[in-house]
Structure formats: C-alpha cells, structure tokens
Amino acid sequence: MEKLIYLDNAATTRTAPEVVEAMLPYFTEKYGNPSSVYGFASANKEVITQQREKIAEVLGAKTDEIYFTAGGTESDNWALTATAEAYVSKGKHIITSRIEHHAILHTCEYLEKRGYEVTYLDVDENGLVDPNAVEAAIRPDTILISIMFANNEIGTIQPIREIGTIAREHGVLFHTDAVQAFAQVPINVDEYNIDMLSASGHKLNGPKGIGFLYIRKGVKIRSFIHGGAQERKRRAGTENVPGIVGLGKAVELAAATMAERAEKETKLRDYMIGRIENEIPYCRLNGDRKKRLPNNINFSFRFIEGEGMLISLDLKGICASSGSACTSGSLDPSHVLLAIGLPHEIAHGSLRMTLGADTTREDIDYTVDCLKEIVADIRNMSPLYEDFLKKQRK
C-alpha cells in the first residue's frame, strides 16, 4: 500500500519508538524474574516501582494504589467481579450505563446470572449520563457504580466529577473505565472521587497486553488471578517487566505532551467535523459536540452501509472503524448508537475516525475528499436513496 492514513487510534495506537527502545533491554539483558532473590533479577522490582510512580503521579494517586494487569478488559473484569464478591454482605446491586464497553456490560451479565442486580442507565441523544439519574438509582444495597470516563465509540466525556461526588456522598464505590481517556485528558482520582480506574497501554502509544487498575487504598476487593504473591498478593503471575516498562514510558511521554496534543487534535477534529457537515449531506455527528475526546469523530450517513465505507476507504489507504474494534464482524448495529436513539438503518451507516499525534491537516483533507466521493458512489447505487430523492423533488 503506497499511502496509509491511520484514523483508528481508539482501536489501538502505534507503539512509540521511545517505548520500544525502553522495553528492549528487558527482553534480552535485564530479563530476570522480579520475584527471584538474587540481585540480577530483584533489581527489576525497583524498575516496576518506578513505573508505578509515573502512573500514580499522572492520576494524583499513591504508588501502591496502581496494580498492573494485562489490559483494560482484565481491569474492568477485576473491578466489577472482585467488588461484587467482596461487598456481597452489603448488597448485590450495581449501577452502570447502556453505552459501556462490552468488558463492563458482559461482566455485568455474568454477575446477573449469579444473582446480582444491575441497573443500566439510559443516556441522552449525545450519550451523556444524567448524574441525577445515577443518584435516583442508588439503593441501600448498591455496592458499585461503574460509568466510563469517555465513550470509545462516540467520544462523549461523562460528568465524572458529579457522579463521583454522588457516589462518595452515598457511600458507594465508584469505578470508571478510563481506557480511552487516560493520558488524553486530565484525570485526578481525588478530585473526581474515583475509587477504581481502568486503563490500557496500547491506547496511548504503549505496548499491547499491559494495563493497570487503580484501586484506592481502603477498597477491600480481592484477587482476580490466583497463584502467587505478585502485585501485593492481589494479581498473581510473573510480572510482564518489558510491558510495564513500556507502559511507564508511554505514560511519561503522553503526560508530557497531553495539553499540546489535545489542542492540536481538537483543532483538527473540529476542522474535519466542519468539512463533513458542510460538504456531505444527510449526515449526523454522533456524541456531544463539546464534551468530547479531542481526537474522536463519529458520523452516521443516511442510505449507507458502514462496511461499504470502510472497504472503500481501505482501498484508498485510509484506516477507520464503524464502531468499537471489539464488535467488528458483528451484523448488529452499535449498542452505543442505538442507546442514543438512532434507528437501526442509520446506526448501520456509522463511521468512527480517531486522530493520533501524527495526523496532519493534509491527512484530514485527503480523507474528507475521498469520503465525499465514496458516500456519493454508494448512495448512487442505493434504491432507498433514489426513492428518497424522488420524494424530495415532489
């Protein structure tokens, strides 16, 4: 492929060269198991602690509140299942939203089969959870509220500060899936009253297969993986030292450039949104226009099948998505788009484009020019669009 424009950074990101460089020695030179007692290996314990410190500093957390995992999905599963198990004597009620990632929704379904009750909150047309609805849903037996920081498909940033305050006032634990938001927007766990937070390395130019769960000190959740005494006896298994080092380096780089990236990506995002809205008819921006991740653009195009757009874009060297990478291959429309009120036929014509640090204005212009042509070509082959135009002319 001669040209490659990568606009699927919400699915995964390119591992930064500095991250790869930081990781390499821990594959070939400093490969010891941190649990071993001799110096060559145990030196890696201190290396792991240093990465915890970097992450904790970005979140305003304590170093020993960071637990390394295999990624966001494991962190989400751990937060929900271990909380359910640890606080069952208080109750078996959990609150979440209808637009969560499937790592949360499927874990909730798992818990429902085991006798727990889950309240799934509706969202408005922009994908926002109403804090008043969160408070109204709290019961004496509520043990956990889990609301994502920002949606992975439509980019909407939730009122996390307000929800965290409500949870704290009612003595209910609050978890947020921050996989899309961590190191993209500022997050302070104390200011937001967050008790648990999930994040993943490969969303911020780090390696795949590594993430973390922040657990506030005093939260009494148990082990999720059993076996050894790693991660202060809460997550067994030999530590992925290269991955942890890579995650630490990625967080360091992302934190240092966060404000600059956000400003650049927001300008490019709004420029792309403006061009699409002005130049492609019968489209709809999905997600909140302002309370939105800096790099997220999600549109639905009427009289279009999303898969056709993706294939046509791919032929022109453009990588995008029709929604979450975890739902690719499904014939069902996005649960997020249905939750914000889109009918099936419009939800099927969705396109998510997520910018990265390397995205340029030239990339945006080329993509929009191609998209205009692709949408026009697909619509010209659609009998539904033809019927629609005939009715418009009458």
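Residues numbered from 1 in each chain as written. Predicted model: local features only at pLDDT ≥ 70, side-chain atom pairs only at ≥ 80, totals over all residues. Heavy atoms only, no water.

The name given to the protein chain in an unreviewed UniProt entry is Cysteine desulfurase IscS, and the organism recorded there is Candidatus Mediterraneibacter stercoravium. UniProt's Cofactor (unreviewed entry) comment on the protein chain is quoted here verbatim: "pyridoxal 5'-phosphate". For the protein chain, the Pathway (unreviewed entry) comment in UniProt is given as "Cofactor biosynthesis; iron-sulfur cluster biosynthesis." (UniProt positions renumbered as here; feature names shortened; annotations may be inferred.)

**Looking at the sheet that holds strand β2 (residues 66-69)**
As summarised here, the arrangement of the seven strands in space is β2-β8-β7-β6-β5-β3-β4, forming an open sheet in which the pairing is mixed. Two strands lie at the open edges of the sheet, namely β2 and β4 (117-121), each paired on one side alone. Taking the axes of each pair of neighbouring strands and ignoring which way they run, one obtains an average angle of 20 degrees across the sheet. Note: strand β6 (residues 173-177) against strand β7 (residues 196-200), three bridges, orientation parallel. Paired with Asp 177 across the bridge in β7 is Ser 198. Relative to the sheet, helix α4 (residues 72-86) contacts β2, β5 (142-146), β6, β7 and β8 (211-215), its axis offset from that of β7 by approximately 160 degrees. Of the strands in this sheet, β3 (93-97), β4, β5 and β6 are in contact with helix α5 (residues 102-112), which crosses β4 at around 150 degrees. (Pairing = 2+ DSSP bridges. Helix = DSSP H or I, 4+ residues; strand = E, 2+ residues; numbered from the N terminus. Axes fitted to C-alpha atoms, helices over the stretch in contact; angles between N-to-C directions. Contact = heavy atoms within 4.5 Å.)

**Some details on the packing of aromatic side chains**
A complete count under the given rule lists eleven aromatic pairs for this structure. Relative to Phe 388, the ring of Tyr 282 has its centre 4.9 Å away and its plane inclined at 85 degrees; by these criteria the two rings are edge-to-face. Placement of Tyr 282 in the loop between α9 (241-279) and β9 (283-285) and of Phe 388 in helix α14 (residues 383-393) is noted, with a sequence separation of 106 residues between them. Exposure remark for Tyr 282: the relative accessible area of 29% places this residue in the partly exposed category. (Phe/Tyr/Trp six-rings, centres within 6.5 Å; stacked < 30°, edge-to-face > 60°. Buried < 20%, exposed > 50% of the residue type's maximum accessible area, 1.4 Å probe, protein only.)

**Considerations on empty space enclosed by the protein**
Under the counting rule described, the total for this entry stands at one cavity of 30 Å³ or more. What the largest cavity holds in volume is close to 60 Å³. Along its surface, the largest cavity is lined by Asn 9, Ala 10, Gln 180, Gln 184, Lys 203, Leu 293 and Asn 295. A class-by-class count of the residues in the lining of the largest cavity yields two nonpolar, four polar and one charged. (1 Å grid on protein atoms, 1.4 Å probe; cavity = no way out; pocket = protein on both sides within 12 Å on 5 of 7 lines; lining within 4 Å. Points joined across faces, edges and corners; volume = space filled by probe spheres on them. Nonpolar A, V, L, I, M, F, W, Y, C, P; charged D, E, K, R; others polar.)

**As for the layout of surface pockets**
If you add up the space inside the largest pocket, you get close to 600 Å³. Per-element tally for the lining of the largest pocket: the top contributor is α9, with six residues. Partitioned by chemical class, the residues of the lining of the largest pocket number 13 nonpolar, eight polar and seven charged.

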